[in-house]
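# Architecture and fold: a report
One-letter residues, chain by chain:
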Amino acid sequence: MSTLKPRAVLVTRESDYARLAAAHATGAQAAFFLKTRGQSLAEVTHRQEVQTSALDTVRSAIPDDWRLVRVGRQDLDRFIFSPEDVVIAVGQDGLVANLAKYLTGQPVLGVNADPTVNEGVLVPLKPEQAARLMIAASEGAASLERRTMAQATTDDGQVLQALNEVFIGHRSHQSARYVITVGGASEKHSSSGVIVSTGTGATGWARSIMTASGHALSIGPTDTALAYFVREPWPSVATGNSLAFGPLLGGEPLTILSNMNDGGVIFADGMEQDHIDFTWGRTVSLTVAAKTLNLVRAD
């Protein structure tokens, strides 16, 4: 057992206010720019204040003898997490999804920085709850919700994991061309790409696809199952749309063979900078991942 004191890893995402201020050099100039166009910075400033307050509450609750590091969303693909880390994501639901694939079992506290705009599916905790729960997590006494993750494995051994979904398609708005195989059936496709979703992802991008397409599948966040959705499959003399959606149960894989000379990509949970090139002749297999996201519960 490690003798190191726990390390609190605070994960945050740059606020809308910070991005506006950076784009216009200062907050005052951003406010002037918006005012000249009949808009106001007031709402964005208010959300910044709420987020800062939440972060200050969490930071002040970290024990003095713990180590502390803060990581921005944009740096997750370069940060190395340690076994003794207690990860605290302060922000929106998507932030937890963004960091999940970089973890190896560390407990995660999802703290809702602003309940008026964040649904709280993956950030169910209030800032005031962090003090007790981070201690419990470091001692292995916290109640954990083990959320299923998806895994993409290419034929050359590259691996991507996702909490919400894996996207396979073209990096632009061009059609993605590939051969999809599931349940012993295969079909050539020309589409806007394929989403392979977990139960957690069923409340995100997959939910939007189900709403638009009318294809509904029910998978819980801790179920060891996935679902696939083909975005806008185009039926033609050379391509079909019969394998457009369905569940992946009992460890059943979905396999995709790329027919894209360039522009084919695989990425997870919206982290497009951390992608796998998916060019002609490459194959990817989508399955349930061996690891889970260990989300700390309030009870």
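Source: prediction; values computed, not measured.

Definitions and cut-offs
Residues numbered from 1 in each chain as written. Predicted model: local features only at pLDDT ≥ 70, side-chain atom pairs only at ≥ 80, totals over all residues. Heavy atoms only, no water. Helix = DSSP H or I, 4+ residues; strand = E, 2+ residues; numbered from the N terminus. Buried < 20%, exposed > 50% of the residue type's maximum accessible area, 1.4 Å probe, protein only. Contact = heavy atoms within 4.5 Å. Areas by Shrake-Rupley, 256 points an atom, 1.4 Å probe, with all protein chains shown as cover. Phe/Tyr/Trp six-rings, centres within 6.5 Å; stacked < 30°, edge-to-face > 60°. Pairing = 2+ DSSP bridges. Axes fitted to C-alpha atoms, helices over the stretch in contact; angles between N-to-C directions. Parallel < 35°, antiparallel > 145°, perpendicular 65-115°, else oblique. Salt bridge = Lys/Arg side-chain N within 4 Å of Asp/Glu carboxyl O. Core = buried A, V, L, I, M, F, W, Y, C linked by side-chain atoms within 4.5 Å.

Moving on: the overall build of the protein. Across its full length, the protein carries six helices and 16 strands. For the protein, the spread of C-alpha atoms along the principal axes amounts to about 65 × 60 × 35 Å. Looking at the protein residue by residue over its 299 residues, the buried ones come to 48%. Within the protein, counting contacts between residues at least 6 apart in sequence, those at least 24 apart form 70% of the total. Summed over its atoms, the accessible surface of the protein is roughly 14300 Å², and 51% of this surface lies on carbon and sulfur atoms.

Looking now at the packing of aromatic side chains. Tallying each qualifying case throughout the model produces three aromatic pairs. Ring centres of Phe-167 and Trp-205 lie 5.8 Å apart, and the angle between their planes is 15°; on these two criteria the pair is classed as stacked. Here Phe-167 is found in strand β7 (residues 165-170), whereas its partner Trp-205 is found in helix α6 (residues 205-213), with 38 residues between them in sequence. Its relative accessible area of 4% is what places Phe-167 among the buried residues. A centroid spacing of 5.0 Å and a plane angle of 35° characterise the contact between Phe-167 and Phe-267, whose relative ring orientation is tilted. Linking Phe-167 in strand β7 with Phe-267 in strand β14 (residues 264-268), this pair joins segments that are 100 residues apart in sequence. An aromatic cluster is defined as three or more aromatic residues linked by ring pairs; in this entry it consists of Phe-167, Trp-205 and Phe-267.

Our focus in this paragraph is the side chain of Asn-164. Mapped onto the fold, Asn-164 is located in the loop between β6 (159-162) and β7. Sequence-distant contacts of Asn-164, that is, excluding residues within four places in its chain, are made with Ala-97, Val-196, Ser-197, Thr-198, Thr-200, Gly-201 and Asp-269.

Okay, the environment of Gly-199 next. In this fold, Gly-199 is placed in the loop between β10 (194-197) and α6. The class for Gly-199 is buried, based on a relative accessible area of 4%. In sequence terms Gly-199 and Gln-48 are 151 residues apart; their C-alpha atoms lie 31 Å from each other. Not counting chain neighbours up to four residues away, the residues in contact with Gly-199 comprise Ile-219, Gly-220 and Pro-221.

Moving on, we get to the pairing of strand β13 (residues 254-258). Where burial is concerned, the two faces of β13 differ: the one with Leu-254, Ile-256 and Ser-258 is buried and the one with Thr-255 and Leu-257 is not. When strand β8 (residues 176-182) meets β13, the two strands line up antiparallel, connected through five bridges. Bridge pairing links Tyr-178 to Ser-258 in β13. Strand direction decides the pairing type here: β13 and strand β16 (residues 283-296), joined by four bridges, are antiparallel. Among the inter-strand pairings, Thr-255 is bridged to a residue of β16, identified as Ser-285.

Attention now moves to the packing of helix α1 (residues 16-23) against helix α3 (residues 42-61). Two numbers describe how α1 lies on α3: the axes approach to 8 Å, and their chain directions differ by 125°. By the angle between their axes, α1 is oblique relative to α3. For the pair formed by α1 and α3, the contact residues are Asp-16, Tyr-17 and Leu-20 on the first element and Val-44, Thr-45, Arg-47 and Gln-48 on the second.

As a further point, take the pattern of salt bridges. Under the counting rule described, the total for this entry stands at 14 salt bridges. Put simply, Asp-16 and Arg-47 hold a salt bridge, and the shortest N to O gap is 2.8 Å. With Asp-16 in helix α1 and Arg-47 in helix α3, the pair connects residues that are 31 residues apart, well separated along the chain. For Arg-47, a relative accessible area of 22% puts it in the partly exposed group. Ionic pairing is found between Asp-56 and Arg-59, a salt bridge with its closest N-O pair at 3.2 Å. With a gap of three residues between them, Asp-56 and Arg-59 both fall in helix α3, about one helical turn apart. Asp-56 gets classed as partly exposed once you look at its relative accessible area, which sits at 38%. Beyond isolated ion pairs, a larger network of salt bridges with shared partners links Asp-16, Arg-19, Glu-43 and Arg-47.

A general feature of soluble globular proteins is that nonpolar side chains tend to end up buried together. Ranked by internal contacts, the top residues of the largest apolar core, which has 26 residues, are Val-196, Tyr-228, Leu-254, Ile-256 and Ile-266. The leading source of residues in this core is β8, at four residues. In contact with Ile-266, other than residues within four places in its own chain, are Ala-152, Thr-154, Leu-160, Val-166, Phe-167, Ile-168, His-275, Ile-276, Phe-278 and Val-284. By size, the runner-up hydrophobic cluster in this structure holds 24 residues, among which are Leu-76, Val-96, Leu-103 and Leu-295.

Shape is all these values report; function is a separate question.
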